[in-house]
Amino acid sequence: MSEIDLTQNDNTSTRVGNKLKGRVAFVTGGTRGIGASICRSLASQGATVAAGFTGNEKAATEFRDSFTETYATSVSIHKGNLGVPEDCRRTIDEVISNHGRLDILVNNAGITCDKTVLKMMDDDWFNVLNVNLSGVFFLCQAALRHMAERGSGRIVNVSSVIGEMGNIGQANYAASKSGLFGLTKTLAREAASLLARSGKLTEPNGIGITVNTVTPGFIATEMLGHIPEKVMEKILAQIPLGRLGKPEEIARVVHFLAADTSSYITGQVWGVNGGLDM
Ligand SMILES: NC(=O)c1ccc[n+]([C@@H]2O[C@H](COP(=O)([O-])OP(=O)(O)OC[C@H]3O[C@@H](n4cnc5c(N)ncnc54)[C@H](OP(=O)(O)O)[C@@H]3O)[C@@H](O)[C@H]2O)c1
């Protein structure tokens, strides 16, 4: 197995500004890896953060405790399995009732179950599609209702470069991640249409509702821990910038898309992959 240097994930930055002050963000899979970096990045500009997780209670409580120490503000943690529609709706409801509103939804949680097509079992296919694609749909559906009523919101979906390129052994993962492109673009259109119908689309100081997707390349998190060293060498050789990405390099783009001032960007796919898919 290859050793991924996770020390570079230690990107704790304290509060640096107020651009997201008063905003409430829910980041699924927000207690580890890329999601934890996204939470820190949003909090660094004053957002109140809620982080989702599914089974790793230890990581979730450690994240919550260290977060509170660093930012002198609390993060709420929400347990739920995105493969279960009821859990998706419940966690969105929990965040809204805990914090009074939801401004930013980051659909970051995702899983892999790698097998070549001929070896893939029914459950390998359905489990990955359920969590990575259907879960995002049910979360967006619940969040959009709330955002449309309020006339503002930001949804950022975390897809993958694999959704753009495909990859041997990842038919389920690639299909789930490219499915997010169609979902993102449709949601972006429907969100704008809902606001147009309620007369909120062109409000002078309105920030609207935008929906975008970020596609990370290979990022140094535990998700890559199962990749054999020889395979990792081959992957690195294909990346023009010659290294894995850092979680904070994804968080930076999510943060940018979540900002009020990014109100003219919707339905887009943002690659952050060291040039892998040029
Ligand atoms: N790392 C990469 O190279 C890479 C590249 C491209 C795209 N991505 C995408 O980026 C996102 C984050 O990846 P990562 O590497 O940070 O992942 P990670 O380190 O494996 O963390 C995954 C997070 O998602 C949560 N999660 C897993 N299954 C879930 C479920 N069924 N319901 C709710 N939450 C669940 C986990 O909760 P627990 O802690 O409770 O397990 C954890 O917080 C994923 O969507 C992934 O596909 C990653």
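The coordinates are above.
Source: prediction; values computed, not measured.

Draft legend 1. Structural context of the site of the ligand. In the vicinity of the ligand, 29 residues are found, and the nearest of them are R32, N108, Y173, I219 and T221. The contact in question runs from an oxygen atom of the ligand to an N or O atom on the backbone of N56, over 2.8 Å. Separating an oxygen atom of the ligand from a backbone N or O atom of N108 is a distance of 2.6 Å. For the ligand, whose free accessible area comes to 910 Å², the fraction covered by protein is 93%. Among the secondary structure elements, those contributing two or more residues to the shell around the ligand are helix 1 (33–43) and helix 6 (171–197).

Draft legend 2. The nonpolar core, seen in detail. Residues I38, L42, F67, V106 and V214 are the most contacted members of the largest nonpolar core, which totals 33 residues. Residue assignment for this core shows that the elements contributing at least two residues are strand 1 (24–27), helix 1, strand 2 (48–53), helix 2 (57–71), strand 4 (104–107), strand 5 (153–158) and helix 8 (247–258). With sequence-adjacent residues up to four places away left out, I38 is seen in contact with V27, V106, N108, V158, A251 and V254. Counting residues in each nonpolar core, the second largest holds 29 residues, with L102, V136, M147 and I209 among its members.

Draft legend 3. Focus on the sheet that holds strand 4. Strand order across the open sheet formed by seven strands is 3-2-1-4-5-6-7, with parallel pairing between neighbours. Two strands in the sheet have a free side with no partner beyond their single neighbour: strand 3 (76–79) and strand 7 (269–272). Within the sheet, the average angular offset between the axes of one strand and its neighbour, ignoring direction, is 20°. In this structure, strand 1 lies alongside strand 2, joined through four bridges in parallel fashion.

Draft legend 4. Examining empty space enclosed by the protein more closely. Scanning the model with the defined rule gives one cavity of 30 Å³ or more in all. Considering only enclosed or pocket space, the largest cavity measures out at about 40 Å³ in volume. Considering the residues around the largest cavity, the lining is formed by R23, D103, I104, S152, G153, R154, I207, A258 and D260. Classifying every residue of the lining of the largest cavity gives three nonpolar, two polar and four charged.

Draft legend 5. Fine view of the pairing of strand 5. Among the six residues of strand 5, six are classified as buried, and the element is accordingly described as predominantly covered. Covered by surrounding structure in strand 5 are G153, I155 and N157 together with R154, V156 and V158, the residues of both alternating faces. Two strands pair when backbone bridges link them, and strand 4 and strand 5 are joined in this way by four bridges, in the parallel orientation. Note on strand 5: the bridge partner recorded for I104 is R154. In this view, the connection linking strand 4 to its parallel neighbour strand 5 by way of helix 4 (residues 122–150) has right-handed handedness. Across six bridges, strand 5 lies against strand 6 (residues 209–216) in parallel orientation.

Conventions we followed
- Residues numbered from 1 in each chain as written.
- Predicted model: local features only at pLDDT ≥ 70, side-chain atom pairs only at ≥ 80, totals over all residues.
- Heavy atoms only, no water.
- Near = heavy atom within 4 Å.
- Polar contact = N/O pair within 3.5 Å; in protein donor to acceptor, adjacent residues only side chain to side chain.
- Areas by Shrake-Rupley, 256 points an atom, 1.4 Å probe, with all protein chains shown as cover.
- Helix = DSSP H or I, 4+ residues; strand = E, 2+ residues; numbered from the N terminus.
- Core = buried A, V, L, I, M, F, W, Y, C linked by side-chain atoms within 4.5 Å.
- Buried < 20%, exposed > 50% of the residue type's maximum accessible area, 1.4 Å probe, protein only.
- Contact = heavy atoms within 4.5 Å.
- Pairing = 2+ DSSP bridges.
- Axes fitted to C-alpha atoms, helices over the stretch in contact; angles between N-to-C directions.
- 1 Å grid on protein atoms, 1.4 Å probe; cavity = no way out; pocket = protein on both sides within 12 Å on 5 of 7 lines; lining within 4 Å.
- Points joined across faces, edges and corners; volume = space filled by probe spheres on them.
- Nonpolar A, V, L, I, M, F, W, Y, C, P; charged D, E, K, R; others polar.
- Right-handed = clockwise from strand over helix to strand, strands pointing away.

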